[in-house]
Every structure is written in C-alpha cells, then in structure tokens.
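Structural overview for review
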Amino acid sequence: MTTPPPDASAPAPTPTEGRIERPDKRMYFLLIALAARTRADCLGRRVGAVIVRDDRVLSTGYNGTPFGMPNCSEGGCHRCLHRNDQPYLRGGAYDVCLCVHAEQNALLTAARFGQQTLGATLTSTTQPCFGCLKEMLQAGITEVRYLHPWDPVEAYQDPALAKQYAELRSRFSVFEPVGDPAMDDPNLFAPLIRSSPAR
C-alpha cells in the first residue's frame, strides 16, 4: 500500500499548533515570582521573588512579617498600618518596617537551606529597593530582573541617595526589566486559588 502524496494546497502546520505558548526562561522565572507574590500579606505593595542559578530554582520569597509574628492584615506591622502618616509615608521608613522584603526572604531562605547564591540571578515582581540591592550584591547575586520599576528619587527625595543606588545597580552584570507591567494582574492566580480546598 502506498501513501498518497501530501496535498500541496493544504496549509503547512505551524510548529506551535496544538501546543500552548511556552515562555522563555526569563518569563518562566518571572511567573514563579508572580506565584510567590500570592502569599504576600503586605497592606501596600505585594512582591514576590525567585533566585536561580544555572537555570535551576534555589529559593523563592514574598514580603511579609517574620515567622511567628502576626501578618500585616492582622496588625503585625505598625508601619503598614500607618503608611499614609508621617513619618511612614510610602517609599520611606523601611528601617522601621517589620516586614521582610521578598528579595530578603529569598536570600534568607537560600541561606537557611544551604543554597549558594554566588553567581545567581534574582527575579522580582518589583525593582529591588536600596536595602535589598546591597544585600543581593553582598550575597553574590550577579543578575537582577524585575517587572515593575521603582524610583529611588521618588522614594528618598534625595539625589545623593539616588546616585548611590545607581552605583549599586552598576555592580550587577545584568539589571533589567522583564515582562510588561501593564499586563500584570494581581488576581492572575485567583481562580486557581479559589478552586483549591482550604487546608
């Protein structure tokens, strides 16, 4: 039995036909950071982060109060409760905020479980703040990617601090945005979360 020749008039199938679109690795790690963000309980900005080395996940983190402390939504962080009052205005007074930032949590989780971060990449849903950036540099992170930009000039109202932030940024071999912030949806995973039985 011979196979009939292919119909030349039929359109050639595209390589992705019948398959879902596959993200590149930068977007894949951003999606993991977005998933980590769903655990954040900050009353202000919810952030998720992931640390990878050799394209393998080492740790994830999200912003929230330390282990054993009440969550922000339970009154655990005084700064979060008073973030619209002086001297706790948005973007400042991080030194008196009880919350651990997503990037810090990812670094601390890696350390807690013995994962080496030297030469690793950190992807965050928000551009890291001054404090997180210096800690990442000290931990040996070499590449930083983020979804939402963060403006140190707006946060600190001090050009000298913004200049120092720029100097910190320059120490990373890669410091760049990934993804389109306009496409971000804080409820991206909400249908899946709602469908899961409570534990």
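See above for the structure.
Residues numbered from 1 in each chain as written. Predicted model: local features only at pLDDT ≥ 70, side-chain atom pairs only at ≥ 80, totals over all residues. Heavy atoms only, no water.

With respect to topology, five strands assemble into an open sheet ordered S2-S1-S3-S4-S5, the strand pairing being mixed. Each of the sheet's edge strands pairs with one partner strand only, and the pair in question is strand S2 (56–62) and strand S5 (174–177). Pairs of neighbouring strands in the sheet enclose a mean axial angle of 15°, with direction left out of account. Of the pairings in the sheet, the one linking strand S3 (residues 121–126) to strand S4 (residues 143–148) comprises five bridges and is parallel in character. Directly across from Leu122, in S4, lies its bridge partner Val144. (Pairing = 2+ DSSP bridges. Helix = DSSP H or I, 4+ residues; strand = E, 2+ residues; numbered from the N terminus. Axes fitted to C-alpha atoms, helices over the stretch in contact; angles between N-to-C directions.)

Here we come to the pattern of salt bridges. Taken as a whole, this structure holds five salt bridges when the rule is applied. Of the charged contacts, one joins Arg37 and Asp184 as a salt bridge, the two residues approaching to 2.8 Å between their closest N and O atoms. With Arg37 in helix H1 (residues 25–37) and Asp184 in the loop between S5 and helix H7 (190–195), this pair connects stretches of sequence that are 147 residues apart. Both residues of the pair, Arg37 and Asp184, belong to the buried class. (Salt bridge = Lys/Arg side-chain N within 4 Å of Asp/Glu carboxyl O. Buried < 20%, exposed > 50% of the residue type's maximum accessible area, 1.4 Å probe, protein only.)

Let us now look at the packing of aromatic side chains. A complete count under the given rule lists four aromatic pairs for this structure. Taken together, a centroid distance of 5.2 Å and an interplanar angle of 50° make the contact between Tyr28 and Phe29 tilted. Residue Tyr28 is classed as partly exposed on the basis of its relative accessible area of 42%. Owing to a relative accessible area of 6%, Phe29 belongs among the buried residues under this scheme. The rings of Tyr146, Phe172 and Phe175 are connected pair by pair, giving a single aromatic cluster. (Phe/Tyr/Trp six-rings, centres within 6.5 Å; stacked < 30°, edge-to-face > 60°.)

Here Asp184 falls in the buried class, since its relative accessible area comes to 18%. Polar side-chain contacts of Asp184 include one of 2.8 Å to the side chain of Arg37. Of the polar contacts made by the side chain of Asp184, one reaches the side chain of His148; its length is 2.7 Å. Excluding anything up to four places from it in sequence, Asp184 contacts Leu34, Arg37, Leu147 and His148. (Polar contact = N/O pair within 3.5 Å; in protein donor to acceptor, adjacent residues only side chain to side chain. Contact = heavy atoms within 4.5 Å.)

We now examine the packing of helix H4 (residues 130–138) against helix H6 (residues 159–169). Where H4 meets H6, the closest approach of the two axes is 10 Å, and the angle between their N-to-C directions is 30°. Considered as vectors, H4 and H6 are oriented roughly parallel to each other. Two packed elements cross with a definite hand, and for H4 against H6 that hand is left-handed. Here H4 contributes Phe130, Leu133, Lys134 and Leu137 to the contact with H6, which in turn contributes Leu161, Gln164, Tyr165, Leu168 and Arg169. In terms of residue class, the contact of H4 with H6 is made up of six nonpolar, one polar and two charged. (Parallel < 35°, antiparallel > 145°, perpendicular 65-115°, else oblique. Left-handed = near helix turned anticlockwise from the far one by under 90°. Nonpolar A, V, L, I, M, F, W, Y, C, P; charged D, E, K, R; others polar.)

Note that Val153 resides in helix H5 (residues 152–156). Note on Val153: relative accessible area 43%, which makes it partly exposed. Taking the C-alpha atoms as reference points, Val153 and Tyr165, twelve residues apart in sequence, are found 9.4 Å from one another. Setting aside residues no more than four positions away along its own chain, Val153 makes contact with Asp158 and Ala162.

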